Structure formats: structure tokens, C-alpha cells
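Structural features, examined
Here is how the chains run, residue by residue.
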Amino acid sequence: MLRIAEEVTAALTDGRPVVALESTLLAHGLPSDRALTVGRRLEELVRAGGAVPATVAVLDGHAQVGLSPAQLEQLCDPDIALAKLSLRDIGPAIALGTDGATTVASTAALAHRAGIPVFATGGLGGVHRDSTWDVSADLQVLGRTPVLVVSSGVKSILDIPATLEVLETLSVPVLGYRTDGFPAFYRRDSGLPVSFRVDEASQAAAAFAAHRRFDSGGMLVANPVPVEHEMPAGEHDRILAEALDLVARQGTTGKAVTPVLLSHFHYATDGRSVRTNEALVESNVRLGTEIAVALCRQ
Ligand code: PSU
Ligand code: MN
């Protein structure tokens, strides 16, 4: 049921660095005409940094870790509406023949099964605002899966203080990369502190290696969006209020909430939020690659 690309297996066998990449951000987090370009670009960035990319998805009845160019095209095909698969969906989807994109939860679990300890993405899921139990499985899975995830924090559409509390409860270390404040996706600082700051990829790698000696779970490295791509505060706060209002009026719930909020940001900024989103994912993939390289050296 799990298929690992040959190139990925070869790298892992030789002890060379591999970086896992998720596919929900391609299939559901970006406009469909950007998905393939971004998917290819992220893989190129991993290679340029000296590691092997392993994009994860469920295709043709298998959990795929590492995609061929044709599979990446299949994943990003704008004419195919792929399911969004969290970890609980992987087994049923494979058994019942449903293709889909993987979230942070399912990507982390599959990366770990394949033997990949580092994974880069855009935003982690979290606790939703005014939540009646809408808490992303990303948090629990990270709490029990020994994978280091690089993200630009969590989106401001979530309840960030509650999300950080849950990460603490689950014993997930939250490190800030060159920052003391936990980032809020489109914004560099949520105003809430991280538990430790690191200024070099090698420090993040060392912290993760040490964490693994004491706990069986994962770690979050929070990397703020590059300064030049940060969304201005006023614009951000206004659009966020509109987006939350829209979700409430439409009665959107569950896993459909994030895509609706993101697409409102895209619409309301004339696409500038998409560029922000792409810039932060690219930056996270570069950092994840540096950390994967550093982990292999240790
Ligand atoms: N943040 C984004 N874009 C995304 C996601 C998060 O900016 O596409 C996706 C990630 O795959 C994350 C998932 O794992 O949303 C969380 O969804 P949920 O809250 O339904 O668990
Ligand atoms: Mn949810």
C-alpha cells in the first residue's frame, strides 16, 4: 500500500538527506493554475539544496512517497478534484480507490513510515476559532510522530493561543527560526512567544536529535514569511474579519473551512496573498532542506 520512489529509497539507504513535501497545499491551498508550477519549484529547491524531494499523495490506490513527473502532473491536474486526506482517511482511501492529497498529519505519518524525518510545508493546521471540537489532526499526529515539520506557524484564521497550548500539552517543541515570536502565516509575528529560538539550521537539527532521545513525538520549526512578502497588518486584519464572516454566513464547517478562508484571501488581495503563500512555502522548503542536510551530518 506504501510505494516509495526509487530515488528516495536509494537516498535513505545511503544516508543522504530527503525532504518530504505535502500535497494538500498544492491541490487545495493554491489556485489550480499555480499548483504544478509550485509543486515543481518546491522539488527543484530541495534538489538545489542537496537533498531528494519526496512529495506525498495517494494516487492509483497507493500511498506514494516521492512522485514521478507524471504523478506530480496528475496530482496538480486542474480538471481532477482530488480529495483532502488526513491520516484517518488514508486507509479507507487506499482500500476504496480514492485518490487524494495529503495534509500535514497524513504526510508526516507517511514520511515517518518511509523513514524520512524532515518535512516542509506552508501552515500547520490548528485549533479553529470558536471551536466546537474543530482541532486539526495535524497537532495530535505531530505529538506522536517523530518528524520535524517546518511551517510559517499557523494561519491567523485559527485560534493561535489555543493551538500553542495544545502543542504544549502534546509535548511538541516549538522553535522559532531567527525569531522570538510565533509566526502567523501571512504575518511574521502573532505576538505570542516560541519556546526556543534558533538562528542556524544546524541548531534545529541538534534540537530535534536531542528531543528524540527523550520523546517519541515530533517538533515544529516556525519560520516567518520573508519580510518583503509579509501582508500589511491593516489589510490582513480587514480581510481576516471578512473571511471569518463569510464562513459564518455560508455555514461552512469542518475541513472545508480552510480552503474557503484561503480563497477569500486570494480574491480580496487580487492574488497577492497567493504570492505570499508561495514565498513562505519556498522559504520553508529551503530551510527544511538545510535542516535535513544538517541532520545527516550529525
Ligand atoms: N495551511 C495552508 N494551506 C493548506 C493547509 C494549511 O495555508 O492547504 C492544509 C494543510 O495540509 C494542513 C491542513 O495540514 O490544511 C489542515 O486541515 P484541517 O484543519 O482540516 O486538519
Ligand atoms: Mn478540522
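Quick summary incoming for the structure in this document.

Scoring rules and cut-offs
- Residues numbered from 1 in each chain as written.
- Chains lettered and ligands numbered in written order.
- Predicted model: local features only at pLDDT ≥ 70, side-chain atom pairs only at ≥ 80, totals over all residues.
- Heavy atoms only, no water.
- Near = heavy atom within 4 Å.
- Polar contact = N/O pair within 3.5 Å; in protein donor to acceptor, adjacent residues only side chain to side chain.
- Nonpolar A, V, L, I, M, F, W, Y, C, P; charged D, E, K, R; others polar.
- Salt bridge = Lys/Arg side-chain N within 4 Å of Asp/Glu carboxyl O.
- Helix = DSSP H or I, 4+ residues; strand = E, 2+ residues; numbered from the N terminus.
- Buried < 20%, exposed > 50% of the residue type's maximum accessible area, 1.4 Å probe, protein only.
- Expected span 1.5 Å × (residues − 1).
- Arc of directions from axis to C-beta.
- Contact = heavy atoms within 4.5 Å.
- Axes fitted to C-alpha atoms, helices over the stretch in contact; angles between N-to-C directions.
- Left-handed = near helix turned anticlockwise from the far one by under 90°.
- Phe/Tyr/Trp six-rings, centres within 6.5 Å; stacked < 30°, edge-to-face > 60°.
- Lys NZ or Arg CZ within 6 Å of the ring centre and 35° of its normal.

**Some remarks on the site of ligand 1**
- Inspection of the region around ligand 1 gives 15 residues, with E22, V104, S136, D138 and K155 positioned closest.
- Here K84 contributes a side-chain N or O atom positioned 3.0 Å from an oxygen atom of ligand 1.
- D138 is positioned such that a nitrogen or oxygen atom in its side chain is 2.6 Å from an oxygen atom of ligand 1.
- Of the residues that constitute the shell around ligand 1, the class distribution is four nonpolar, six polar and five charged.

**Examining the pattern of salt bridges**
- Under the criterion given, the structure shown has 15 salt bridges.
- Note that R275 and E278 form a salt bridge whose closest N and O atoms lie 3.3 Å from each other. Remark: E278 and R275 occur in helix α12 (residues 272–297); sequence separation between them is three residues, near one turn of the helix.
- With relative accessibility at 36%, the residue R275 sits in the partly exposed group.
- A single network of salt bridges, built from pairs that share partners, joins R34, R41, R275, E278 and E282.

**Observations regarding helix α9 (residues 201–214)**
- The terminal C-alpha atoms of α9 lie 21 Å apart, and with 14 residues this matches the ideal 20 Å at 1.5 Å per residue to within 8%.
- All of the buried residues in α9 are A201, A204, A205, F208 and H211. Buried residues of α9 fall within an arc of 125° about the axis and therefore sit on the same side. Turned more than 90 degrees from where α9 packs its buried face, R213 and F214 sit exposed.
- Packed against the buried residues of α9 are β8 (148–151), β9 (174–177), β10 (196–198), β11 (219–222) and α12.

**Some details on the packing of helix α3 (residues 32–48) against helix α4 (residues 69–76)**
- Where α3 contacts α4, the two axes come as close as 9 Å, and the packing angle between them is 150°. When the axes of α3 and α4 are compared, the crossing they make is right-handed. Along the contact surface, α3 presents S32, A35, L36, G39, R40 and E43, while α4 presents L72, E73 and C76.
- For the contact of α3 with α4, the class distribution of residues is four nonpolar, two polar and three charged.

**Notes on the packing of aromatic side chains**
- One pass over the structure, following the stated rule, counts two aromatic pairs.
- With 4.9 Å between their ring centres and 80° between their planes, F185 and Y186 make a pair best called edge-to-face.
- For F185, a relative accessible area of 3% gives the class buried.
- Among the aromatic residues, those joined into a cluster by ring pairs are F185, Y186 and F265.
- Across the ring face of F185, the terminal group of K155 is positioned such that the distance to the ring centre comes to 5.8 Å.

Nothing here speaks to function; it is geometry throughout.
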